[in-house]
Amino acid sequence: MTSVVLVTEELAPAAIEVLTTDFDVRTVDGTDRPALLNALNEAEAVIVRSATRIDAEALESAPHLRVVARAGVGLDNVDIPAATARGVLVVNAPTSNIISAAEQAVALLLTTARHTASASAALKAGKWRRSAYTGVEVHGKTVGVVGLGRIGVLVAQRMAAFGTEVIAYDPYVQPARAAQLGVRLVTLDDLVRESDFISVHLPRTPETIGLIGEKELATVKPGVRIVNAARGGLVDERALAEAIADGRVAGAGLDVFETEPLTSSPLFAFDTVTVTPHLGASTVEAQDKAGLAVARSVRLALRGEFVPEAVNVRAGGAVDEDVRPLLPLAEKLGRVFTAVAGGVAARITVEVRGEVATHDVGVLGLATTKGLFTSVVEERVTYVNAPALAAGRGVAVELATSEDAGEHASLIVVRGALADGRTFAVAGAGGKLVEVDGFELDLPADGVLLFFRYRDRPGVVGRIGTMLGLAGVNIAAMQVARRAAGGEALMTLTVDGSVDPELLAGVARDIGSSLSSAVDLRAD
C-alpha cells in the first residue's frame, strides 16, 4: 500500500511534485486541530511549517507515523522527546535558509548605516529631508560577528567584500579556522568595544539569551549599530532601547524579537531602528530549498534509510561519502547476527576496519543496532528508537575501529556474546557476507538467506535441495563452508521468497542440523 504523506501547510510546488511520484500526498489545515488529528490516523509522514503543532496528542493520533518533517529550521512546534519515545524521526531543513538569512542581516546592516527605511518612510509621507538622514560608510569599519556558524561565516565573507575588518566571537571555533576565513577571533568584551557594527548569529539557548545585554551595551564603541537576524532574545531589547536613547548605540536592525508576533515595542519609536517581521527565511529560494530538502528526507525515512538531517538520531548530521555505502551492509549484518545467534546478544562490538575507519563511523554502530532488533520486536525499529531498544534490554553496543582490513578495502565485523556465554561473529565487505560464526563465505548480503549447520557428510546438499524444491522454494544461490572434511559445515542458501518456519524446522530435523535460521534482507 502506498505510504500517506500529510502536508499541513503551504509547501513549494516542486516539493509536492517530488512526493507525489511515490506517495499518496494529502493536505489538511494544520491549524484545524480536529481535522489534523483525524488526518494523522493514516499518515506515515507529516510535513509542517511553523503553524502546525505536533505534540504528544497529535503523535498519539498517528499510529503509523514514521517521520515528522519541518520545512524550515525551528522545531519549537514539535514535541521531539515524545516523537523520539515513539521511534518517530524528526527532521528539518537546517541549511535551506542560510543564504537568505545572511542576506537579510547584511540588508539590515546597510539600512542602519544609511537610514534607508526611515528616509523612505519620510519621503512617502511627503517629507524631503536629506540632511536628517546622513549616514556612514561601511568601508573601513570594523564588523563584529557574534557566532561563526554557517550563517555567521556567510555574513563575514560578504562584509569583508565591503572592505571592512571582520572580527568574531565564537568559543567553539579554532583560531586556525577563523584565520582561513580572514577573521580575527576576539573575546565578546573586545568585540563590543572594537566594533562599528555588530551582527548576531547564534542559536537561542539558556546560555545565549541576553548575551548582548546591559553590561555589554554599557561598554560598546560609541556609535555602534547592532543587527539581530538570528533569534529573538539574544539582544536584550529593553537594554538596547535605553542604549539608543542614551546615544551610545546609533541604531539597530532587528528581524527577530523575544516575543513574536510583536506589533508594539519601545524600539519602534526610534527612526534609527529598522524592524522586519522575522523575514530571514522569507524568500522564494529558501522556501523551495526547505520544501525540497524535507521531501528528500521523507523519501529516505519512508525507505528506512538513514536521514542526515534527523535531529533526534544520536549519529545525526552529515555522513561521510565513504561511510554512507556501508550503512545497508551494517544493518544487514545486525539482522544476520540475531538470526544466526538465535537471540539478542548481551554485548555487541561493531568493528569497522579499513581506510573508512579514519572517518566518523559512529552511524555504522547505529545501523547495526537497528538491524539487531528489526526481527525480534513487534514495534517498528528506526534509527531513532534503536538505541533505546538496546538500552531497555540491557544490550551494550560498542564501536571499535582499525585501519587493517586484510584483503578487503573495508570490513565490518559484528561480534557479540549471548547471555548464556556463547559467542558469535558475522562479517561483511563489499556488500557481501564474508564470515558467519567462523565460516568463510562469499555471498551477496541480499534476499532471503537460510542457514544450516550440520556434520559434513554425503547427500545433505541434495536432501536440502529436494525438500525445498518439493515445497516450491527456489534456490538462487548456495554455498557450503567447512573447516575440515567430515567436520562441522555451514550451508547458506539464497532463496526467492519467504520460507515457512515449519519447513525450515523440518529440514533441520531431517539433516540433524544444530542451527537453522532464516533472515529476510530484502528492502522493507
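Rules used throughout
- Residues numbered from 1 in each chain as written.
- Predicted model: local features only at pLDDT ≥ 70, side-chain atom pairs only at ≥ 80, totals over all residues.
- Heavy atoms only, no water.
- UniProt positions renumbered as here; feature names shortened; annotations may be inferred.
- Helix = DSSP H or I, 4+ residues; strand = E, 2+ residues; numbered from the N terminus.
- Rg over C-alpha atoms; globule rule 2.2 N^0.38 Å.
- Buried < 20%, exposed > 50% of the residue type's maximum accessible area, 1.4 Å probe, protein only.
- Contact = heavy atoms within 4.5 Å.
- Areas by Shrake-Rupley, 256 points an atom, 1.4 Å probe, with all protein chains shown as cover.
- Lys, Arg positive; Asp, Glu negative; His and termini not counted.
- Charge placed at Lys NZ, Arg CZ, Asp CG, Glu CD.
- Core = buried A, V, L, I, M, F, W, Y, C linked by side-chain atoms within 4.5 Å.
- Axes fitted to C-alpha atoms, helices over the stretch in contact; angles between N-to-C directions.
- Parallel < 35°, antiparallel > 145°, perpendicular 65-115°, else oblique.
- Left-handed = near helix turned anticlockwise from the far one by under 90°.
- Nonpolar A, V, L, I, M, F, W, Y, C, P; charged D, E, K, R; others polar.
- Phe/Tyr/Trp six-rings, centres within 6.5 Å; stacked < 30°, edge-to-face > 60°.
- Lys NZ or Arg CZ within 6 Å of the ring centre and 35° of its normal.
- 1 Å grid on protein atoms, 1.4 Å probe; cavity = no way out; pocket = protein on both sides within 12 Å on 5 of 7 lines; lining within 4 Å.
- Points joined across faces, edges and corners; volume = space filled by probe spheres on them.
- Pairing = 2+ DSSP bridges.
- Polar contact = N/O pair within 3.5 Å; in protein donor to acceptor, adjacent residues only side chain to side chain.

- Per an unreviewed UniProt entry, the chain is named D-3-phosphoglycerate dehydrogenase, and its organism is Actinoplanes cyaneus.
- Looking at the Sequence similarities (unreviewed entry) heading of the UniProt record, one finds this comment for the chain: "Belongs to the D-isomer specific 2-hydroxyacid dehydrogenase family."

**A few points about the overall build of the chain**
Consideration 1: Scanning the chain for helices and strands turns up 17 helices and 22 strands.
Consideration 2: At 30 Å, the chain has a C-alpha radius of gyration far larger than the 24 Å of a compact globule built from 524 residues.
Consideration 3: Taken along its principal axes, the extent of the C-alpha atoms in the chain is 105 × 50 × 35 Å.
Consideration 4: Taking all 524 residues of the chain together, 51% fall into the buried category.
Consideration 5: The contacts in the chain between residues at least 6 apart in sequence include a share of 63% that link residues at least 24 apart.
Consideration 6: In the form shown here, the chain has an accessible surface area of approximately 24,100 Å², with 50% of it arising from carbon and sulfur atoms.
Consideration 7: The averaged location of the 64 negative side-chain charges in the chain is 1 Å from the averaged location of its 49 positive side-chain charges.

**Some thoughts on the nonpolar core**
Consideration 1: Counting 76 residues, the largest nonpolar core has Ile 47, Leu 89, Val 298, Phe 337, Leu 364, Ile 412 and Phe 451 as the members making the most contacts within it.
Consideration 2: With nine residues, helix α13 (residues 327-341) is the largest single contributor of residues to this core.
Consideration 3: Here Leu 89 is in contact with Arg 66, Val 67, Val 68, Ala 301, Val 307, Ala 310, Asn 312, Val 313 and Val 384, once residues within four sequence places are set aside.
Consideration 4: The next biggest cluster of nonpolar side chains, apart from the first, holds 29 residues, and it includes Ile 198, Ile 212, Ala 239 and Leu 267.

**Quick look at the side chain of Thr 111**
Consideration 1: Summarising the element assignment, Thr 111 is placed in helix α5 (residues 98-114).
Consideration 2: Take Thr 111: its relative accessible area is 16%, and that puts it in the buried class.
Consideration 3: Setting aside residues up to four positions removed in sequence, Thr 111 forms contacts with Thr 116, Ala 117 and Thr 274.

**A look at the packing of helix α16 (residues 460-470) against helix α17 (residues 501-511)**
Consideration 1: Running from N to C, α16 and α17 point in directions that differ by 155°, and their axes come no closer than 10 Å. It follows that α16 is roughly antiparallel to α17 by the angle criterion. For α16 against α17, the interelement crossing comes out right-handed. Here Val 460, Arg 463, Ile 464, Met 467 and Leu 468 of α16 come into contact with α17, specifically with Leu 503, Gly 506, Val 507, Asp 510 and Ile 511.
Consideration 2: Its residues assigned to classes, the contact of α16 with α17 shows seven nonpolar, one polar and two charged.

**Quick look at the packing of aromatic side chains**
Consideration 1: Taken as a whole and judged by the stated rule, the model has two aromatic pairs.
Consideration 2: With a centroid separation of 6.3 Å and 80° between ring planes, the pair formed by Phe 257 and Phe 268 is classed as edge-to-face. Of this pair, Phe 257 sits in the loop between β11 (249-254) and β12 (273-275) while Phe 268 is found in the loop between β11 and β12, placing the two residues 11 residues apart along the sequence.
Consideration 3: Take Phe 257: its relative accessible area is 8%, and that puts it in the buried class.
Consideration 4: Note that Lys 370 overlies the ring of Tyr 383, its terminal NZ or CZ placed 5.4 Å from the centroid.

**As for the layout of surface pockets**
Consideration 1: Within this model, the largest pocket holds a volume of roughly 1,500 Å³.
Consideration 2: If you trace the largest pocket, you find 50 residues lining it, with Val 73, Leu 202, Pro 203, Ala 230 and Arg 231 closest to the centre.
Consideration 3: Of all elements in the fold, only α5, α7 (150-160) and α12 (284-302) reach the threshold of two or more residues within the lining of the largest pocket.
Consideration 4: Along the lines of polarity and charge, the residues of the lining of the largest pocket split into 21 nonpolar, 18 polar and 11 charged.

**So, the packing of helix α1 (residues 13-20) against α12**
Consideration 1: Remark: α1 packs on α12, axes separated minimally by 8 Å, with the N-to-C direction vectors making an angle of 15°. Taken together, the axis directions place α1 and α12 in an arrangement best described as roughly parallel. As α1 packs across α12, the resulting crossing turns out to be right-handed. Residues Ala 14, Ala 15, Val 18 and Leu 19 of α1 pack against Gly 291, Leu 292, Ala 295, Val 298 and Arg 299 of α12.
Consideration 2: Split into classes, the residues belonging to the contact of α1 with α12 amount to seven nonpolar, one polar and one charged.

**Things to note about the pairing of strand β9 (residues 197-200)**
Consideration 1: Here β9 shows no split at all, with Phe 197 and Ser 199 on one side and Ile 198 and Val 200 on the other all buried.
Consideration 2: Across four bridges, strand β6 (residues 142-146) lies against β9 in parallel orientation. Residue Val 143 lies in a different strand from β9, and its bridge partner there is Phe 197.

**Section: empty space enclosed by the protein**
Consideration 1: In this structure the tally under the stated criterion is two cavities of 30 Å³ or more.
Consideration 2: Counted as a void, the largest cavity has a volume near 150 Å³.
Consideration 3: Taken together, the residues of the lining of the largest cavity break down into six nonpolar, three polar and five charged.
Consideration 4: Considered as a void within the structure, the second largest cavity measures approximately 30 Å³ in volume.
Consideration 5: Contributing to the lining of the second largest cavity are Asn 228, Gly 233, Val 235, Glu 237, Leu 240, Leu 254 and Val 256.
Consideration 6: Considering only residue class, the lining of the second largest cavity consists of four nonpolar, two polar and one charged.

**Description of the sheet that holds strand β2 (residues 24-27)**
Consideration 1: Across the sheet, five strands lie side by side as β2-β1-β3-β4-β5; this open sheet has parallel pairing. Strands with a single pairing partner mark the edges of an open sheet, and in this sheet they are β2 and β5 (89-91). Going across the sheet, the axis of each strand differs from the next one's by a mean of 20°, ignoring polarity.
Consideration 2: Examined bridge by bridge, strand β1 (residues 4-7) and strand β3 (residues 45-48) share three bridges and lie parallel to one another. In the strand pairing of β3, Leu 6 is matched with Val 46.
Consideration 3: In the packing of α1 onto the sheet, contacts are made with β1, β2 and β3, and the angle to β2 comes to roughly 140°.
Consideration 4: Strand contacts of α12: β1, β3, β4 (67-70) and β5, with the helix running at about 170° to β4, the strand carrying the most contacts.

**A look at helix α11 (residues 237-245)**
Consideration 1: Taken together, the buried positions of α11 are Glu 237, Ala 239, Leu 240, Ala 241, Ala 243 and Ile 244.
Consideration 2: Buried residues along α11 sit against α10 (214-217), β10 (224-228), β11 and β12.
Consideration 3: A distance of 3.1 Å separates the backbone nitrogen of Arg 238 from a side-chain oxygen at the start of α11, and that oxygen is part of Asp 236.
Consideration 4: Taken from the residues just after α11, Gly 247 is the one with a positive phi, measuring 85°.

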